[in-house]
Every structure is written in C-alpha cells, then in structure tokens.
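What the coordinates show
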Amino acid sequence: MPALSALAPRPSVLRLSALVLGALLAVAPASAAPNASYPLPPASSRHEAQVQQARAFAQKVLKDFKLPGLSVAVAHRGQVIWSEGFGYADLEQGIPVTPLTRFRVGSVSKVLTAAAVARLVEEGRLNLDAPIQKYVPAFPVKPWPITTRQLTGHLAGIRHYLDRDEAIFQESRHFSSLTQALGLFQDDALLSEPGTAYAYSSYGFNLVGAVVEGAAHEEFLRYMQRAVFEPLGMRHTSADHPHQLIPHRTRFYANGPEGSHQHAAHVDNSYKWPGGGFLSTAEDLVVFGSAHLQPGFLRKETLALLFTSQKLKSGKETGVGLGWRIGVSAQGRRILHHRGAIEGGRAMLMLFPDSQLVVALLGNTYADFAEEQAAQLGELFMTAPR
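Thresholds, definitions, all that
Residues numbered from 1 in each chain as written. Predicted model: local features only at pLDDT ≥ 70, side-chain atom pairs only at ≥ 80, totals over all residues. Heavy atoms only, no water. Helix = DSSP H or I, 4+ residues; strand = E, 2+ residues; numbered from the N terminus. Buried < 20%, exposed > 50% of the residue type's maximum accessible area, 1.4 Å probe, protein only. Contact = heavy atoms within 4.5 Å. Pairing = 2+ DSSP bridges. Salt bridge = Lys/Arg side-chain N within 4 Å of Asp/Glu carboxyl O. Axes fitted to C-alpha atoms, helices over the stretch in contact; angles between N-to-C directions. Phe/Tyr/Trp six-rings, centres within 6.5 Å; stacked < 30°, edge-to-face > 60°. Polar contact = N/O pair within 3.5 Å; in protein donor to acceptor, adjacent residues only side chain to side chain. Core = buried A, V, L, I, M, F, W, Y, C linked by side-chain atoms within 4.5 Å.

Helix and strand content of the protein: twelve helices and twelve strands. By the burial criterion, 58% of the 386 residues in the protein qualify as buried. Pairs at least 24 residues apart make up 69% of the contacts formed inside the protein by residues separated by at least 6 positions.

Laid out in structure tokens, this is it:
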C-alpha cells in the first residue's frame, strides 16, 4: 500500500487547527517573523541536524533573492519531515509565512494538470493520441492533427505568450470557462508541424485543461478537486480566484528599487487555470510529488508514461514527459521537476526518485531561485539519519 494513499492520515503536522495557529500569530510581534512558526512532525527529531542546516539555507535564499516570504517543505518516503515558513505573507500587517500560507505556483500547475490527464488515461476515458477535437470539438482544425500527448510535451506547435497579450492581462479580464479562454490563441497559426519542434506553451496547457473537461464530462476545476486534490489530501490547493476570500492566501509582491517591495499588479489567472493558475502550499506540493514516486495514486505504467521523455519526429528526446521535466542535478542525481514564475510568485517542485525525496520552495514575489536551489536543499537530506 502506498505511503500516501487516499485512506492514509496526513502527518500530524497538518493537525494544528487554523484557530490555534491564528491565536499564535496574533500574539507574535509584528516586527519579526519566527524562525519556526509551525510544529514539525514527530519524525523530524531524527532529522534535526539536517533541518537546522536547511533552515539556515532557507534564510539565505530569503535574503539573497530579496523575498518577502518563503515556504519550504521536504518529504521522504511519503512522509513530510520538514515544513516551515520564513519571512512575511503580509508585510504591512506583519503576518509571517507559515506552512498554511498559500502561494501562486505558476507553471507548477502544469504537473497538477498532468495528474488529471493520467487519471483519465487510467480510467480509459482519454486517448493521448486521438485528435483533440474528440474532446474539444469547438477547437479549430489545423493543417495537422494535434494530440494531447503532444500538448503535454510542448510539441503541438501552440504558441506561448506574445507582447500583444499584455493588454489583455493588464485588463485582469475574467474568463468564465476554459473554452472561452481558448479564444486568446485558438485562431492563431501553429508555430510548426506538431511533433517536429519543442516550443514551451502555457496556452497549450489551457487546451490540455479543455481536453480534461471533455474527457471527464466535468468542469476542469471540479475534476481537479475530485480526482487529484481530494484523494491526496491536498486541502490547501485551489484555483487563485481573485474575488474569493481564500484563507491563508499570501499577498503578492514585486521587487522595488534598492531592495524594497511593492504590491504586484492585480491579475486574474482565470485565463490559465491548467497552465499556471493554482494556489498551493509547499507541504501540499511535496505530498503531491511523493504520490508520484511509487504506485498507488497512479499505476506503475502510468508513472512511467509521465516520466518518459517524449521525442521529436526526428527521434531526438526533449527531456519532457507528460508535463514533467526530466533531468540530472548538478550533483549527478536523477530529478523530476517543474518551476513556476508568475506575477507575485515563484515556485519549485523537485523529486529525487532514487532517494524517494521531494522538496518544494514557494515565494511571494517573482524571483530567480530555481532548480539549483531545490537541488541544494535536497542534498542536505540525502544522508539518512541514524
């Protein structure tokens, strides 16, 4: 049985009620966020030396990248062994980041969406190699057929953002459905014949979300909740609805002059739920990642499908499976990963399959921490404590 089955209880780290946490924060001095704002799970005592090193590392990331706030979590063999917040979720009110703080995860949303694709494939409701019009009949037919497999590997020739899109983003226009948001790009010509070139595309993942809707016969966000988030106990992951009251959502910042911060521009991410529109916590993300390290949530053959590099028609491997990037860290370890960069947010999720380790870092401003920092954090936990 997998360590993170739908029936398994979450670690005790999750059992602190929001009420108690709120009381703790209410009496915390506004001038300084605590170094340890959350109780660690019982197993963490075995990792105390590693946690101390990792805490210093996180503080350095916070300082070096001028982050208002940072949340970090590590899981090993399906168990969260460290989860902690640093800095501030709200600079004006002096509210510190805790592991309950929800951040924008940007393009890490793509691997969340890939899990929905995987579930539908397992259920026999989605054929990765069928033309997408089977599931999204309103999408215009192009000179060549496009498949869901190609979309998830950025091989479909769908464009990414262009300068002309900025006006729409600045309007913070709300899209009532994924199919409505497809209108932003669906009539544009393909960049290339599908399968012949790699071209990263968040719009392509919008189309993946529409495929999920068509295959599931269920609205995308509802299917994500029912088929992905609820089975994994990801209770703090949701769409970043700009007008809803969402508990523990951080404020979003942009870097100002001379190391200062200012509020990030208002955005409405309804145009890209599948490719970049989710909120989550570092802890939820390592739970999600851990569920991809062994069969249980998904079958063995499905995991292999997610983590096998796709190829161009020329035979060249792209280093991308179904949404996931596949590579080797600077330390020579096999990694499965994705980053997210978004207005008011930065995210990194990295899996070390050979060590059964998962790390996540989330920040509340756009910053340049990336795979290098995630790999360095992972290295601190590679030696098993005695």
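Burial of strand β1 (residues 69–76) is extensive: seven of the eight residues sit out of reach of the surface. In this structure, β1 lies alongside strand β2 (residues 79–90), joined through eight bridges in antiparallel fashion. In the sheet register, Leu 70 faces β2, and the bridge partner there is Phe 86. Between β1 and β2, which pair antiparallel in sequence order, lie two residues; one of them, Arg 77, sits at a positive phi of approximately 50 degrees. By the bridge criterion, seven bridges tie β1 to strand β12 (residues 357–363) in an arrangement that is antiparallel. Looking across to β12, one finds that Val 74 is bridged to Val 359.

Where charged atoms of side chains with opposite charge meet at close range, the side chains can pair. Within the structure shown, the criterion is met by 15 salt bridges. Where Asp 240 meets Arg 249, a salt bridge forms, and the shortest distance between an N and an O atom there is 2.8 Å. Residue classification places Asp 240 among the buried positions, given a relative accessible area of 2%. Notably, a salt bridge pairs Glu 379 with Arg 333, separated by 2.5 Å at the nearest N-O pair. Note that Glu 379 is positioned in helix α12 (residues 371–379) and Arg 333 in the loop between β9 (325–328) and β10 (334–342), a separation of 46 residues in sequence. Exposure remark for Glu 379: the relative accessible area of 24% places this residue in the partly exposed category. Linked through salt bridges whose partners overlap, the residues forming this network are Arg 159, Arg 164, Asp 165 and Asp 188.

For the rest of this paragraph, the subject is the sheet that holds strand β3 (residues 95–96). If you walk across this open sheet you meet the seven strands as β3-β2-β1-β12-β11-β10-β9, and the pairing is antiparallel. If you trace the sheet from one side to the other, it starts and ends with β3 and β9, each paired once. Looking at chain direction, β2 and β3 are connected through two bridges and run antiparallel. Across the sheet, residue Tyr 88 finds its bridge partner in β3, namely Pro 96. In this fold helix α10 (residues 282–290) packs onto β1, β2, β11 (345–352) and β12, with an angle of close to 150 degrees to the strand it touches most, β12.

Bringing the packing of aromatic side chains into the picture now. Overall, the coordinates contain eleven aromatic pairs when judged by the stated rule. Geometrically, the ring pair formed by Phe 139 and Phe 185 is tilted, given 6.3 Å between the ring centres and 45 degrees between the ring planes. With Phe 139 in the loop between α3 (109–122) and α4 (148–152) and Phe 185 in the loop between α6 (178–181) and α7 (202–216), the pair connects residues that are 46 residues apart, well separated along the chain. Pair check on accessibility: Phe 139 and Phe 185 agree, each one buried. When the ring of Tyr 161 is compared with that of Tyr 203, the centres are 5.1 Å apart and the planes differ by 90 degrees; the resulting orientation is edge-to-face. Placement of the pair is Tyr 161 in the loop between α4 and α5 (166–171) and Tyr 203 in helix α7, with a sequence separation of 42 residues. Note on Tyr 203: relative accessible area 0%, which makes it buried.

Residue placement: Ser 201 occurs in the loop between α6 and α7. A distance of 2.7 Å separates a polar side-chain atom of Ser 201 from the backbone oxygen of Arg 159. Setting aside residues up to four positions removed in sequence, Ser 201 forms contacts with Lys 110, His 154, Ile 158, Arg 159 and His 160.

Sheet strands associate in pairs through backbone hydrogen bonding, adopting either a parallel or an antiparallel arrangement. Strand order in this open sheet of three strands is β4-β8-β5, and the pairing throughout is antiparallel. Looking along the sheet, the strands with just one partner apiece sit at the ends: β4 (103–104) and β5 (238–239). One ladder, built from two bridges, connects β4 with strand β8 (residues 278–280); its direction is antiparallel. Bridging across to β8, Phe 103 finds its partner in Ser 280.

Turning our attention to the nonpolar core. Core analysis: the biggest nonpolar cluster contains 78 residues, and Ile 158, Leu 207, Phe 288 and Leu 349 have the highest contact counts within it. If you tally residues by element for this core, the top one is α7, at nine residues. Excluding its chain neighbours within four sequence positions, the residues that come into contact with Ile 158 are Phe 139, Ile 146, Leu 151, Phe 185, Leu 190, Leu 191, Ala 199, Ser 201, Tyr 203, Gly 204 and Leu 207. By size, the runner-up hydrophobic cluster in this structure holds 27 residues, among which are Ile 81, Phe 352, Val 359 and Phe 381.

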